[in-house]
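Listed below, chain by chain, are the residues.
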Number of protein chains: 4
Amino acid sequence: MDKRQHILEVATKLFSERGFEKTPLSAVCEAANVSKGLIFHHFKNKNNLLREIFKSTTELIVQINESKTNQLSGKERLLELIDSFFLQLEVDKLFFQLNLNVILQPTTREILNDLIEERSSFIMKSVRRIFNEIDLENSLVKSYLFIAELDGIALNYLGIFEDYPLHEIKEELIKKYN
Amino acid sequence: MDKRQHILEVATKLFSERGFEKTPLSAVCEAANVSKGLIFHHFKNKNNLLREIFKSTTELIVQINESKTNQLSGKERLLELIDSFFLQLEVDKLFFQLNLNVILQPTTREILNDLIEERSSFIMKSVRRIFNEIDLENSLVKSYLFIAELDGIALNYLGIFEDYPLHEIKEELIKKYN
Amino acid sequence: MDKRQHILEVATKLFSERGFEKTPLSAVCEAANVSKGLIFHHFKNKNNLLREIFKSTTELIVQINESKTNQLSGKERLLELIDSFFLQLEVDKLFFQLNLNVILQPTTREILNDLIEERSSFIMKSVRRIFNEIDLENSLVKSYLFIAELDGIALNYLGIFEDYPLHEIKEELIKKYN
Amino acid sequence: MDKRQHILEVATKLFSERGFEKTPLSAVCEAANVSKGLIFHHFKNKNNLLREIFKSTTELIVQINESKTNQLSGKERLLELIDSFFLQLEVDKLFFQLNLNVILQPTTREILNDLIEERSSFIMKSVRRIFNEIDLENSLVKSYLFIAELDGIALNYLGIFEDYPLHEIKEELIKKYN
DNA sequence: CATGAATGAGCCTTCATTCAT
DNA sequence: GATGAATGAAGGCTCATTCAT
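Residues numbered from 1 in each chain as written. Chains lettered and ligands numbered in written order. Predicted model: local features only at pLDDT ≥ 70, side-chain atom pairs only at ≥ 80, totals over all residues. Heavy atoms only, no water.

Among the 29 residues in the neighbourhood of DNA strand F, the closest are listed as L25(A), H41(B), H42(C), L25(D) and K46(D). Taking the atoms of DNA strand F that fall within 4 Å of the protein, sugar and phosphate contribute 67% of them. One of the side-chain nitrogen or oxygen atoms of S35(B) is found 3.1 Å away from a phosphate oxygen of DNA strand F. A distance of 2.9 Å separates a phosphate oxygen of DNA strand F from a polar atom in the side chain of H42(B). Of all elements in the fold, only helix 3 (36-43) of chain A, helix 3 (36-43) of chain B, helix 3 (36-43) of chain C together with helix 2 (25-32) and helix 3 (36-43) of chain D reach the threshold of two or more residues within the surface near DNA strand F. Counted by class, the surface near DNA strand F contains 10 nonpolar, 13 polar and six charged residues. (Near = heavy atom within 4 Å. Polar contact = N/O pair within 3.5 Å; in protein donor to acceptor, adjacent residues only side chain to side chain. Helix = DSSP H or I, 4+ residues; strand = E, 2+ residues; numbered from the N terminus. Nonpolar A, V, L, I, M, F, W, Y, C, P; charged D, E, K, R; others polar.)

So, in structure tokens, the structure goes:
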């Protein structure tokens, strides 16, 4: 088994649950059953481990977007995007937790600055391409607003409201964009 | 001058800028020009200082909402709300920074659990009252979606996109809800 | 009500329960419902408060010993002493707890040095007087041994053995010295 | 050289001299010439360091008792026990100092609760075995009383009387139990 | 690749004490 | 007599990081 990969996975889980700053490397060691030295051997330092994690989640996002068959129309792809977003949000809450977390935290934000920019410009481009097809007028602002809606939903679902009516909201969103 | 209040203000500023976890009390002391002991004298511990800060920002939110003249129609009040939201977002970025931050961070989230719940239920009630007046059908979900939009905009503006076209987005939003 | 006296009593209780070093003055203040300033006003500092407590318990010991009617014979007075020792031990465990505690703790020992010496020489004199009457040969060593027995019993009863058979031990002691 | 062991020894010495609560870990570090971190690496925290010390002194006690050749009669073993007790008391005053200290101090007592119980039940068993051989009647109470005498002597010698006539008392004790 | 002993900087917190009122 | 704001020194503990093996 690839220990490097194993560390990566365990660290992702722990960082998501407890937050990056509040997860000591010692906790990662214990959970992954490896020595402290090995983490530094593979990742150089804690910040870099976080960067590696962030990179691999970006890759995931890219893959999902690229795999989409481009046979579909713009509206169809938009609906598919909404669908996979809500699916992912339910299946892997912690994934979003971590990502929102590190972006808002000034310290981690700094560590990941370039990677965040890279990822968000990719996402923007993807969404924009869809909106360009659907509705030429004002596609930029509408793309921004669409992304804001999704992010806001994730934020509210994860951090603010209990008993968030996720499904009703999804339905409403689909109605709106159809 | 009231030193307790002074500490509160200085701490709010620093926590917003650097994040709660990454702001040592020693930094607050230095900035506020008080001894460490005094903070504990007034606030018992660091967590409690955060709670006190969160409480006072909630109070601010409540005051803003209550002060609104209720002479206006639902739609007028909604537009006013949007307006004051964008105004606040520009004027006091750090205010939002801190609030999103502590909510997403698992550790601080726990510290503030009850206060967050209290505040968000207040906000929900306020928004809901407006939407009930405008459009009876599905007002709950629409309220959720509206809050998500605003939170998402703040999130994207603060943490994700550089050169965020805040004004265009505001215009688009106003168009949409008018 | 005499607040000075009240502080003295509350402090005695708390020091006994938690130990002198581990009882912050703030705890005394809270329990006695007085301000910090008042304690320093009356006792100058924490060490001195301890000295005042120790003095007053010495006075108690002296009083008990002096009050004994001197009409009795040596052996009778010895038995009476044993009796009142065991009585006191059961009634006021904390009294012994505190006294043994401060004597063994190097720091507190230093604070009370002169007072401890004073008290123990008084006790020695009292016991010696009794043993002199009973048995002239080797009364000094026997006095020491007798005191050691009592102190050892207190020590074992308080700090070491659970279910200490205090009454059987008392009987055995009486048998021995009769 | 084993640094863990070295820390243990240095800490034992310092805790004995100054008391556990009044010996900062920084003092141990300085005396042992190690970093603070190392203590926590090996012992997890200060309380646990104390436990480790207490455990190792218990082991010492056990070893001394077990090594005694069981060829001897009860009375011979009792005299030998007295002898080694007084020897130890003179040679290693601090050993007793620390042990009595931690038992009487409520805070440390709590930390060591289970270990104290374990040790004292071992001692009781050892003494009892001897007294059972010598004198069948009332061996339990007599064992308790014997232990009390020794503990009381240690207490008085260490903490109360200056110029304690240790040798005469030893002689008297031997006379008594012979 | 892998371990874990060792470091040191920094953090939160406690607490006796002072002093103005 | 009485209060409590304010201080500052000190302590226990955490944790990223280094390095010899």
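All names here are of chain A. Here the structure, examined in full by the defined rule, presents 44 aromatic pairs over all chains. Between the aromatic rings of F131 and Y177, the centroid separation amounts to 6.2 Å while the plane-to-plane angle is 90 degrees, which identifies the pairing as edge-to-face. Remark: Y177 occurs in helix 9 (residues 166-177) and F131 occurs in helix 7 (residues 106-134); sequence separation between them is 46 residues. Assessed through its relative accessible area of 17%, Y177 is described here as buried. (Phe/Tyr/Trp six-rings, centres within 6.5 Å; stacked < 30°, edge-to-face > 60°. Buried < 20%, exposed > 50% of the residue type's maximum accessible area, 1.4 Å probe, protein only.)

Attention now moves to the nonpolar core. In terms of nonpolar packing, the biggest core is built from 123 residues, with I153(C), L49(D) and I153(D) touching the most fellow members. Leave out the neighbours within four places in its chain, and I153(C) touches F86(C), L89(C), Y164(C), L166(C), I169(C), L173(C), L145(D) and A148(D). Core analysis: the second largest hydrophobic core is formed by 122 residues, L98(A), Y177(A), F96(B) and V127(B) among them. (Core = buried A, V, L, I, M, F, W, Y, C linked by side-chain atoms within 4.5 Å. Contact = heavy atoms within 4.5 Å.)

Every one of the 29 residues lining DNA strand E counts as a neighbour, but H42(A), L25(B), K46(B), L25(C) and H41(D) are closest to it. Put simply, 66% of the atoms of DNA strand E that lie within 4 Å of the protein are in sugar or phosphate. One of the backbone N or O atoms of L25(B) is found 2.8 Å from a phosphate oxygen in DNA strand E. For the surface near DNA strand E, the elements supplying multiple residues, two or more each, are helix 3 of chain A, helix 2 (25-32) and helix 3 of chain B, helix 3 of chain C together with helix 3 of chain D. When its residues are assigned to classes, the surface near DNA strand E shows 10 nonpolar, 13 polar and six charged.

The next point concerns the environment of E172(D). For E172(D), the position within the fold is in helix 9 (residues 166-177). Apart from the residues lying within four places of it in its own chain, the contact partners of E172(D) are N138(C), V141(C), K142(C) and L145(C).

Another point: the interface of chain C and chain D. Taken residue by residue, the interface counts 46 residues in chain C and 46 residues in chain D. Taking both partners together, chain C and chain D bury about 4,000 Å²; carbon and sulfur atoms supply 65% of that area. Together, L104(C), Y144(C) and L145(C) form the three largest contributors to the area buried by chain C at its contact with chain D, with a combined 17%. Viewed at the interface, chain D and chain C are joined by four salt bridges. The interface formed by chain C and chain D contains four residue pairs in polar contact (both at pLDDT 80 or more). Residue assignment for the side of chain C that touches chain D shows that the elements contributing at least two residues are helix 1 (3-18), helix 6 (93-104), helix 7 (106-134), helix 8 (139-160) and helix 9 (166-177) of chain C. The leading source of residues in the side of chain C that touches chain D is helix 8 of chain C, at 14 residues. Taken together, the residues of the side of chain C that touches chain D sort by class into 19 nonpolar, 11 polar and 16 charged. (Buried area = accessible area lost by both parts, 1.4 Å probe. Salt bridge = Lys/Arg side-chain N within 4 Å of Asp/Glu carboxyl O.)

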